[in-house]
Amino acid sequence: AASYGMEGVRVDGNDVLAVYAITKRALEKARAGDGPTLIEAVTYRRGGHSSSDDPDRYRDESQTAPWLLIDPIDRQRDFLAAEHALTSNEEEEMVKQAGADIDAAVKIAEAADAPLAETVFEDVYAVMPEELKRQMKARLQDKTAGIAEGEFPL
């Protein structure tokens, strides 16, 4: 953050309320015209990077075990239960609704057209650098270069 001339803050990424509080403060600061805030939410990626990634191949289970004790969903559930703000029936209904929402979103995404190849290059810079423009032009001129059967057609 300092390299970009902005405030940087670190927060326990497994504490839902802490993340909310720091995000709310950063949003208010930005809306007031006082600049951006880089938020580093310290957490642990329990699963793989994708469905084809098996983290058991490159990390020991002993690394993961401590993080299971501070799972953000479990922590928030325990907090809400202790505050008598969430019953098990309400939680069950929320989980059911979230599953339905995810299923609906997946159906929409699967029915959507594939993104245009140029979207890989766009919306990264306010003004696209010349080198990136050159790369985009070269890539768009040869849309099939190096693409194996079944791969996303960039």
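Bear in mind the structure is a predicted one, so any value in this text is a computation, not a measurement.

To continue, consider the pattern of salt bridges. Here the idea is simple: oppositely charged side chains can pair when their charged atoms come close. Under the criterion given, the structure shown has 11 salt bridges. One salt bridge in this structure joins Arg45 and Asp53, with 4.0 Å as the shortest N-O distance. Accessibility expressed as a relative area gives 17% for Asp53, which makes it buried. Between Glu91 and Arg77 there is a salt bridge, with its nearest N and O atoms 2.5 Å apart. Taken together, the residues Glu91 in helix α4 (residues 88-111) and Arg77 in helix α3 (residues 72-82) connect sequence positions 14 residues apart. In this structure Glu91 comes out as partly exposed when scored by relative accessible area, which is 23%. Members of the salt-bridge network, linked through shared partners, are Glu7, Arg25 and Lys29.

Basis of the calculations
- Residues numbered from 1 in each chain as written.
- Predicted model: local features only at pLDDT ≥ 70, side-chain atom pairs only at ≥ 80, totals over all residues.
- Heavy atoms only, no water.
- Salt bridge = Lys/Arg side-chain N within 4 Å of Asp/Glu carboxyl O.
- Buried < 20%, exposed > 50% of the residue type's maximum accessible area, 1.4 Å probe, protein only.
- Helix = DSSP H or I, 4+ residues; strand = E, 2+ residues; numbered from the N terminus.

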